[in-house]
Amino acid sequence: MILEPLGSVLLGLALAWLALRSLPDRLPSRRAVFTTGALGGLFGAYLMHSVLGPGHVVAALIGSALVGAVTLSLLIRPRSRPLSRSAAA
């Protein structure tokens, strides 16, 4: 019973760590990214558990990874572009 939420939080934290390693300049603070990853993973496991019912641990963990990745992708900021000549004038 406790392994499913714990595993989903760990998956969310792992996804957050990977996001911070690959896009450090386009994400907000580390605390916000790790919190979002953990809560996204936990919500994904809850959602999959509600849809599929008990006994589908692997599917719940896959769902938690997917929802965690989606919530982390919402934090990504666009790249900063230099001002063009027409915008500066």
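Above this text is the structure in question.
Residues numbered from 1 in each chain as written. Predicted model: local features only at pLDDT ≥ 70, side-chain atom pairs only at ≥ 80, totals over all residues. Heavy atoms only, no water.

## Focus: the layout of surface pockets
Defined as follows: Definitions used throughout: a 1 Å grid over protein atoms alone; a cavity as a set of points that fits a 1.4 Å probe which cannot get out; a pocket as an open set with protein on both sides within 12 Å along at least five of seven lines; a lining residue as one with an atom within 4 Å of a point. Grid points are joined across faces, edges and corners, and a volume is the space filled by probe spheres set on the points. Starting at the N terminus, helices and strands are each numbered in turn, a helix being any DSSP run of H or I of at least four residues and a strand any DSSP run of E of at least two. Polarity classes work like this: nonpolar for Ala, Val, Leu, Ile, Met, Phe, Trp, Tyr, Cys and Pro, charged for Asp, Glu, Lys and Arg, and polar for all others, with Gly in that last group.
In this model, the largest pocket occupies a volume close to 240 Å³. What lines the largest pocket is Met1, Leu3, Glu4, Pro5, Ser8, Leu42, Ala45, Tyr46, His49, Pro54, Gly55 and Val57. Broken down by secondary-structure element, the contributors of at least two residues to the lining of the largest pocket are α1 (3-22) and α2 (30-52). Among the residues forming the lining of the largest pocket, the class breakdown is 8 nonpolar, 3 polar and 1 charged.

## A few points about the side chain of Arg26
The condition is simple: Exposure categories follow from relative accessible area, calculated using a 1.4 Å probe and restricted to protein chains: below 20% of the type maximum is buried, above 50% is exposed, and the middle band is partly exposed. Lys and Arg are tallied as positive, Asp and Glu as negative. Neither His nor the chain termini are counted. The term salt bridge refers to a pairing of a side-chain nitrogen on Lys or Arg with a carboxyl oxygen on Asp or Glu at a separation within 4 Å. What makes two residues a contact is simply this: any of their non-hydrogen atoms within 4.5 Å.
Considering the arrangement of structural elements, one finds Arg26 in the loop between α1 and α2. Of the buried charged residues, Arg26 lacks a salt bridge, with Asp25 as the closest side chain of opposite charge at 5.9 Å. Apart from the residues lying within four places of it in its own chain, the contact partners of Arg26 are Leu75, Ile76, Arg77, Pro78 and Arg79.

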